[in-house]
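Secondary and tertiary structure notes
Each chain is listed here by its residues.
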Amino acid sequence: EGIGPQEYTALKLQVKEWAPEIAEIVKGKIEDDAKVFFVPATLRPETMYGQTNCFVGPKIKYGLFKLKEKEYVIVTKRAAWNMAFQGHFFENGYFPKTQDELPLVLEAPGSAFVGTLINAPLSFHKEGVYILPMESVSASKGTGVVTSVPSDSPDDYATLMDLIKKADYYGIKKEWAEKEIFPLIDTPTYGNLTAPALIKQLKINSPKDVTQLAEAKDLAYTEGFYKGTMIVGEFKGEPVSVAKDKVRQSLYQTGDAFPFAD
Ligand code: A2H
C-alpha cells in the first residue's frame, strides 16, 4: 500500500442462482455445469466473515470471461486484461495480444446482474448473498466489483442503508439488502461495529455525503488496522494487523481468492 500498484485480494464469489433477466442472456452460452464467479478486489480480507452482499456499478459494463475449462469470471474488461497479464487465464498459458483477444462470452451493464444470488467465501451468511447496485463504484479501479462489509466499511454501510430505505426506487427487493450485520472487529474508539458508529458520529445521511464518507473511511481503516482485534473467525483474539495476512493466505490456500495488482 502507498506508492506503486495496490496488492488486492481478489475473492471468488460463485453464482448460485442468476436473476431472471441475466439467466436468459447467459443461457446456452456457457456449459450447464460451469462455475461463474464475481471477483471483487478488497484491501480488507480479514473482514470477509461479514459480507452481506456484493456491489456492482449499475451503469458499468461488465464482461463474462472464460478463465479456464468450465470456469468463468465477471469483471470489467480492464480488470480481465490485468488478470491476463498476471497469468490467471488458462493456468498461465494464455496471453492475449490485445483486449479484443480476451475470451469474452458476453457483456452486460451491472444493473442486469442485480438480484443474482452468490456464495461469499467465509461469510456467516451461508445461505448466500445478493448482487446489489452501488453508484460510487469506479470502473477504473480494481475489478469494478466490490464486496460489501457494512460492519467495517462506511461506504458499504451508507449504500446498504440507502438501498433498504429506497428499495422500490432502486428496483430491488428489500430482503436482498436486509442481512444481519455481525460484529467482526473490536476497536477501543468505535466498539465492534466501526462503520455504523462512524456514520452516526459524523451524521452521514446518504451515500452522497462524499466528504464525510471519505473521512469516515480513513478513520475506520486506521482504527481497524492499528487498534482492532478480531472477535470472530480462525484468528479470533489476534490483532487485525497480524490476522489480515493470515486470512489472506488462508483464502489463497483454499482457492477462494488470488492476489491481484491494479
Ligand atoms: B474494501 P483503494 Cl471492510 N470502486 O473491501 C469503489 N470502491 C472499490 C473498488 C471500485 N472499483 N474496488 C474496490 N473498492 C473498495 C472491504 C473494505 C474495504 C472494508 C473497509 C474499507 C475498504 C469491503 N468493502 O476500503 O481506493 C474495496 O472495499 C477502503 C480503503 O484501492 C477495497 O477494499 O485503496 C477498497 O475500496 C480499495 O480501495
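Residues numbered from 1 in each chain as written. Predicted model: local features only at pLDDT ≥ 70, side-chain atom pairs only at ≥ 80, totals over all residues. Heavy atoms only, no water.

**Some thoughts on helix α8 (residues 240-254)**
Across its 15 residues, α8 extends 21 Å between first and last C-alpha, which sits within 8% of the 21 Å expected from 1.5 Å per residue. Tucked into the core, α8 has its buried residues touching β1 (7-11), β12 (185-186), α7 (210-227), β13 (229-230) and β14 (257-261). (Helix = DSSP H or I, 4+ residues; strand = E, 2+ residues; numbered from the N terminus. Expected span 1.5 Å × (residues − 1). Contact = heavy atoms within 4.5 Å.)

**A word on the site of the ligand**
In the region of the ligand, 18 residues are neighbours, and Tyr 8, Thr 42, Lys 141, Thr 147 and Asp 156 sit closest. Interatomic distance of 3.0 Å between a backbone N/O atom of Leu 43 and an oxygen atom of the ligand. A distance of 2.7 Å separates a nitrogen atom of the ligand from a polar side-chain atom of Asp 156. Against a free-state accessible area of 700 Å², the protein chains account for coverage of 88% of the ligand. (Near = heavy atom within 4 Å. Polar contact = N/O pair within 3.5 Å; in protein donor to acceptor, adjacent residues only side chain to side chain. Areas by Shrake-Rupley, 256 points an atom, 1.4 Å probe, with all protein chains shown as cover.)

**Focus: the environment of Gln 249**
Relative to the helices and strands, Gln 249 is located in helix α8. A sequence separation of 136 residues divides Gln 249 from Phe 113, and the C-alpha atoms of the two residues are 30 Å apart.

**Side note on the pattern of salt bridges**
In total, this model carries 13 salt bridges according to the counting rule given. Ionic pairing is found between Lys 59 and Glu 135, a salt bridge with its closest N-O pair at 3.3 Å. Highlighted residues: Lys 59 in the loop between β5 (53-56) and β6 (61-68) and Glu 135 in the loop between β10 (129-133) and β11 (145-148), separated in sequence by 76 residues. Comparing Lys 59 with Glu 135 shows no difference in burial state: the two are exposed. Ionic pairing is found between Lys 217 and Asp 155, a salt bridge with its closest N-O pair at 3.9 Å. Here Asp 155 lies in helix α3 (residues 154-165) and Lys 217 lies in helix α7, a separation of 62 residues in the sequence. Within this structure, Glu 31, Lys 66 and Glu 69 form a network of salt bridges that share partners. (Salt bridge = Lys/Arg side-chain N within 4 Å of Asp/Glu carboxyl O. Buried < 20%, exposed > 50% of the residue type's maximum accessible area, 1.4 Å probe, protein only.)

**Here's the deal with the layout of surface pockets**
There is about 1,200 Å³ of room inside the largest pocket. Surrounding the largest pocket, 45 residues form its lining, Val 146, Ser 153, Asp 155, Asp 156 and Lys 217 being those nearest its centre. Broken down by secondary-structure element, the contributors of at least two residues to the lining of the largest pocket are β4 (41-42), β11, α3, α4 (167-170) and α7. The element contributing the most residues to the lining of the largest pocket is α7, with seven residues. (1 Å grid on protein atoms, 1.4 Å probe; cavity = no way out; pocket = protein on both sides within 12 Å on 5 of 7 lines; lining within 4 Å. Points joined across faces, edges and corners; volume = space filled by probe spheres on them.)

**Thoughts on the packing of aromatic side chains**
Taken as a whole and judged by the stated rule, the model has 10 aromatic pairs. Both rings, one in Tyr 62 and one in Phe 113, keep their centres 6.4 Å apart while their planes meet at 90°; by these two values the pair is edge-to-face. Placement of the pair is Tyr 62 in strand β6 and Phe 113 in the loop between β8 (104-109) and β9 (117-119), with a sequence separation of 51 residues. Here the two residues Tyr 62 and Phe 113 agree in accessibility, since each one is buried. Site record: aromatic cluster; members linked through ring pairs are Trp 18, Phe 38, Tyr 62 and Phe 113. (Phe/Tyr/Trp six-rings, centres within 6.5 Å; stacked < 30°, edge-to-face > 60°.)

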